[in-house]
Amino acid sequence: MYYTQLLRITCGLKWLSIVLVALYAFIVAISAANGAFHDGVHGSPDKDGVPLPVLLAIAGFVSSFFASRYARTLSEENESHLPVVWTKPVSRAGYALGVIGVDLLGIGAAFAITLAMELVLFTTFGALRFIDMSADTSAQLFRFLALPLAYYGVMTALTASFGKAGRGLIGWAWCASLAIMLFNSLGLPKPWSQVFAVLNVVNPLAYASYSHTTSHDTVNIASGPHASVFTALALGSDIAALLLLAVGGLVAGVLLWRRVEA
Amino acid sequence: MSDPTTTISINALTKRYGQTPAVENLSIAIPKGSIFGLLGTNGAGKTTTFKCMLGLARPTSGSVEFNGQPLSPEMFEHMSYVPERCALYEWMSGAEHLEMQRRSFKQYDAKRAAQLMDMFALDRKKKIGKYSKGQQTAMALVLAFSTHPDILILDEPASGLDPVHQRHVLDLVIGEAASGATVLFSSHQIGQVERAADRVAILHQGTLRLAGEVEQLKADVKVVEATFDSDAPSVNGLQSDPAIGYVQRTGKLLRVYVRGKGEEIEKAIAAKSPRSLRVLDQNLEDIFLSTVGASPSNESEG
């Protein structure tokens with residue numbers, strides 16, 4: 001019943017792998033040209049380690065882009081395929097949930113492939129020992145796995161009623177997500193600060209901030225000098241908020257899609 | 001209680017887009033095992049009717065029943081639909097569409113699908129986007145017929161096909177009906193409808209203008225054809241006669257399409273001293289044209 005979606009996701013994962021392998025080859029080639037292999041990787045893992053959550057965050061953002069592509073699957077069916085999709089012996093909600101199930105597996109696979117490529121890259125440079133397994137790694141894993149799901153849910157809700165217009169909406173939604181995060185962190189005067197704070201409630205990016213200070217540097221992900229109020233939330237609350245966005249968005253998306261007319 | 005001999009029952013179906021009516025108060029009963037042709041000009045409401053029947057569009061009012069029951073997803077196991085515009089996935093191959101069908105329908109018959117692919121000379125490996133329009137239609141037909149449906153709804157099924165494959169489609173439709181399936185189809189090619197259908201309905205501007213058995217309709221309508229020594233006279237005096245469907249004047253030729261035997265009209269025209277006068281049977285095209293008030297002639301009344 002969900003064969004079409006299986007083909008779509010498989011194709012997407014194939015292309016993601018190709019892009020990541022190409023990127024890996026590019027980095028290795030550049031590094032080799034600069035003599036990185038000859039010089040080796042120096043330093044002390046205790047002082048210069050890369051926190052694993054940074055790698056998880058990268059996998060989270062890559063799989064969020066991947067999730068965005070498939071968040072418009074229902075919208076894609078609206079373009080002209082409803083006479084095929086809606087004349088199968090399955091309810092519309094049942095079909096949509098099946099498609100979503102396949103997509104969620106695909107998003108998980110995209111996350112795993114990206115993380116694996118990152119680890120392969122570290123291994124290539126003999127830098128695996130520099131990865132710092134901080135105490136909250138497992139919670140961060142859940143958070144950065146929940147991030148693409150939240151984007152998937154929100155964007156499914158945004159696009160489910162539209163046909164071709166859904167394609168553009170995804171792009172604009174990403175722009176809006178980044179802009180809201182940016183404006184919210186600039187500490188604008190009222191009422192703008194309040195407006196962006198409210199908009200940030202449904203912005204998955206607001207729940208993905210990560211900050212880590214090493215001996216000589218600070219790593220900031222999705223947070224600025226005036227970080228969102230949500231960055232003050234406990235990690236568990238962030239994960240819950242992301243999952244709520246995912247589930248809420250998907251429920252809204254399926255309900256909206258069921259009402260579309262061919 | 002529904003009639004057990006009726007497979008599809010459309011009851012007072014109305015569909016409006018905003019204030020614009022697409023289908024208005026349409027009621028049709030389609031008997032089990034029949035081939036029912038739905039005729040109409042572009043925009044007559046044929047496709048909207050199909051969409052409302054299949055739940056692809058929400059009727060403004062009215063209902064549709066299949067074997068006395070409202071539409072449910074399970075019914076699609078025994079029902080196939082070929083839309084007017086290609087709804088297949090351009091990025092998928094023919095073989096992948098067959099696989100999609102196999103995974104979706106319990107009644108999918110791989111052997112029959114293979115026969116139909118061969119009959120339409122379709123390349124399984126080719127992407128649908130690389131197929132011609134006619135091949136895309138043929139692929140949709142292969143999928144529709146591969147599940148041995150009890151109910152087939154075909155919107156312009158021969159669209160874009162060459163004459164050989166059009167004939168194949170007609171043979172398939174007739175064959176399915178002979179096996180007990182009920183077929184509802186629309187076509188602009190009235191000759192095909194006349195050959196295949198045992199019943200027709202004519203829609204015009206969203207309303208039902210005429211419906212019945214093809215043979216009965218043909219028996220019920222005649223053409224009174226007269227030629228004159230000079231230009232054919234006007235028949236304005238006959239316009240109020242409800243039996244007159246349409247009047248066509250082309251130079252010295254006068255054709256009056258009438259319901260019933262046309263004896264009164266024949267007498268009235270005979271009084272205008274024509275050189276020749278005869279009463280002819282109408283074919284389905286004549287019936288259609290007289291019903292929708294259109295004519296190939298450039299000079300017409302009615």
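Rules and cut-offs
Residues numbered from 1 in each chain as written. Chains lettered and ligands numbered in written order. Predicted model: local features only at pLDDT ≥ 70, side-chain atom pairs only at ≥ 80, totals over all residues. Helix = DSSP H or I, 4+ residues; strand = E, 2+ residues; numbered from the N terminus. Buried ≥ 20, exposed ≤ 12 C-beta atoms within 10 Å, placed from the backbone. Contact = placed C-beta atoms within 7 Å. Expected span 1.5 Å × (residues − 1). Arc of directions from axis to C-beta. Core = buried A, V, L, I, M, F, W, Y, C linked by C-beta atoms within 7 Å. Domains from an automatic or database assignment. Pairing = 2+ DSSP bridges. Axes fitted to C-alpha atoms, helices over the stretch in contact; angles between N-to-C directions. Nonpolar A, V, L, I, M, F, W, Y, C, P; charged D, E, K, R; others polar. Parallel < 35°, antiparallel > 145°, perpendicular 65-115°, else oblique. Left-handed = near helix turned anticlockwise from the far one by under 90°. pLDDT = per-residue confidence, 0-100.

Student: Just checking my understanding: could you explain the overall build of chain B for this structure?
Tutor: Check the secondary structure of chain B and you find nine helices and 15 strands. Counting only C-alpha atoms, chain B reaches 70 × 45 × 40 Å along its principal axes. The buried share of chain B, taken over its 302 residues, is 46%.

Student: Quick question: what am I supposed to make of the overall build of chain A here?
Tutor: The number of helices and strands found in chain A is eleven helices and four strands. Here chain A holds 262 residues, and 38% of them are scored as buried. For chain A, the proportion of contacts with a sequence separation of at least 24, taken over those separated by at least 6, is 83%.

Student: Is there a simple way to explain helix α5 (residues 163–178) of chain B in this structure?
Tutor: Quick reminder: α-helices carry 3.6 residues per turn. Residues three or four places apart thus point the same way. Residue and element names in this part refer to chain B. Counted at 1.5 Å a residue, the expected span for α5 with its 16 residues is 22 Å, and the 22 Å between its end C-alpha atoms agrees. Buried residues of α5: Val169, Leu170, Leu172, Val173 and Glu176, and no others. All buried residues of α5 fall inside an arc of 155° around its axis, so they share one side. Projecting away from the buried face of α5 at angles above 90 degrees are the exposed residues Pro163, Val164, Asp171, Gly175 and Ala178. Each element contacted by the buried residues of α5 is listed here: β3 (35–40), α4 (133–145), β7 (151–155), β8 (182–186) and α6 (190–196).

Student: Mind showing me how you'd approach the nonpolar core here?
Tutor: Nonpolar side chains in soluble globular proteins tend to be buried together. If you look at the biggest cluster of nonpolar residues, it comprises 145 residues, and the most contacted ones within it are Leu242(A), Val142(B) and Val256(B). Split by domain, this core shows at least three residues from each of two domains, domain 1 (6–205) and domain 2 (218–301) of chain B. Among residues more than four places away in sequence, those in contact with Val256(B) are Val224(B), Val235(B), Ile244(B), Val247(B), Ile265(B) and Ile269(B).

Student: For this particular structure, what's the right way to read the sheet that holds strand β2 (residues 20–31) of chain B?
Tutor: Strands belonging to one sheet form pairs held by backbone hydrogen bonds; the direction of such a pair is parallel or antiparallel. Residues and elements named next belong to chain B. Strand order in the open sheet formed by four strands is β2-β1-β4-β5, and the pairing between neighbours is antiparallel. Of all the strands in the sheet, the pair left with one neighbour each is β2 and β5 (69–70). Strand direction decides the pairing type here: strand β1 (residues 6–17) and strand β4 (residues 61–66), joined by five bridges, are antiparallel. Paired with Ser9 across the strands is Glu65, a residue of β4.

Student: I keep staring at the domain arrangement of chain B and nothing clicks. Help me out?
Tutor: Buried accessible area, meaning the area lost when the parts come together, often serves as the stated size of an interface. All names here are of chain B. The domains assigned to chain B are domain 1 (6–205) and domain 2 (218–301). Computed from C-alpha coordinates alone, the two centres of domain 1 and domain 2 are separated by 36 Å. Every contact between the two is made by eight residues of domain 1 and, on the other side, six residues of domain 2. Elements with a minimum of two residues in the side of domain 1 that touches domain 2: α6 and β9 (199–204).

Student: Hey, could you run me through the sheet that holds β9(B) in this one?
Tutor: Residue and element names in this part refer to chain B. Spatial ordering of the open sheet is given by β6-β7-β8-β3-β9-β10, a layout of six strands whose pairing is mixed. Edge positions in the sheet fall to β6 (79–82) and β10 (207–213), since each has one partner strand and no second. Sheet twist, expressed as the mean angle between neighbouring strand axes with direction ignored, is 10°. Bridge count for β3 against β8 is four bridges, and the pairing is parallel. Residue Gly37 lies in a different strand from β8, and its bridge partner there is Phe185. Its contacts with the sheet place α5 against β3, β7 and β8, and it is angled at close to 150° to β8.

Student: Quick question: what am I supposed to make of unusual backbone geometry here?
Tutor: Here Lys190(A) and Pro191(A) are connected by a cis peptide whose omega angle stands at 5°. Not every positive phi belongs to a glycine, and Ala121(B) is a case in point at roughly 55°. Inspection of the secondary structure puts Ala121(B) in the loop between α3 (110–119) and α4. Positive phi values are uncommon outside glycine, yet Glu156(B) reaches one of about 55°.

Student: Hey, could you run me through the interface of chain B and chain A in this one?
Tutor: Of the residues lining the interface, 23 residues belong to chain B; the matching set on chain A comes to 17 residues. For the side of chain B that touches chain A, the element with the highest residue contribution is helix α2 (residues 94–104) of chain B, accounting for five residues. Among the residues making up the side of chain B that touches chain A, the classes are represented as 13 nonpolar, two polar and eight charged.

Student: Is there a simple way to explain α4(B) in this structure?
Tutor: All names here are of chain B. With 13 residues, α4 ought to run about 18 Å at 1.5 Å a step, and its terminal C-alpha atoms sit 18 Å apart, in line with that. Among the 13 residues of α4, eleven are classified as buried, and the element is accordingly described as predominantly covered. Of the residues making up α4, those classed as buried are Gln135, Gln136, Thr137, Ala138, Met139, Ala140, Leu141, Val142, Leu143, Ala144 and Phe145. Check the buried side of α4 and you find it contacts β6, α2, α3, β7 and α5.

Student: What should I look at first to understand the packing of helix α4 (residues 52–70) of chain A against helix α8 (residues 137–159) of chain A in this one?
Tutor: For any two helices packed against each other, the geometry comes down to the angle between their axes and how far apart the axes lie. Residues and elements named next belong to chain A. Following both chains from N to C, one finds α4 and α8 inclined at 15°, their axes separated by 8 Å at the closest point. The orientation of α4 with respect to α8, classified from their angle, is roughly parallel. Note on packing geometry: the crossing formed by α4 with α8 is right-handed. Across the interface between the two elements, Leu52, Pro53, Leu56, Ala57, Ala59, Gly60, Ser63, Ser64, Phe66, Ala67, Ser68 and Tyr70 from α4 touch Thr137, Gln140, Leu141, Phe144, Leu145, Leu147, Pro148, Tyr151, Tyr152 and Met155 from α8.

Student: Which parts of the structure should I look at to understand the environment of Ile153(B)?
Tutor: Residues and elements named next belong to chain B. Within the fold, Ile153 resides in strand β7. A residue is classified by how many C-beta atoms lie within 10 Å of it, and Ile153, with 25 of them, is buried. In sequence terms Ile153 and Trp91 are 62 residues apart; their C-alpha atoms lie 25 Å from each other. Apart from the residues within four sequence positions on either side, Ile153 is in contact with Phe50, Met53, Leu54, Tyr81 and Leu184.

Student: Help me out: how do you make sense of the confidence of the model for chain A in this one?
Tutor: If pLDDT is low for a region, its predicted coordinates should not be looked at in detail. Residues and elements named next belong to chain A. A residue-level look at chain A finds 85% of positions with pLDDT of 70 or above and a mean pLDDT of 86. Within chain A, helix α7 (residues 92–124) carries the highest mean pLDDT (95), whereas helix α3 (residues 45–48) carries the lowest (58). Note that residues 224–230 has pLDDT below 50 and, in this model, 16 contacts with residues that lie over four places away or in other chains.

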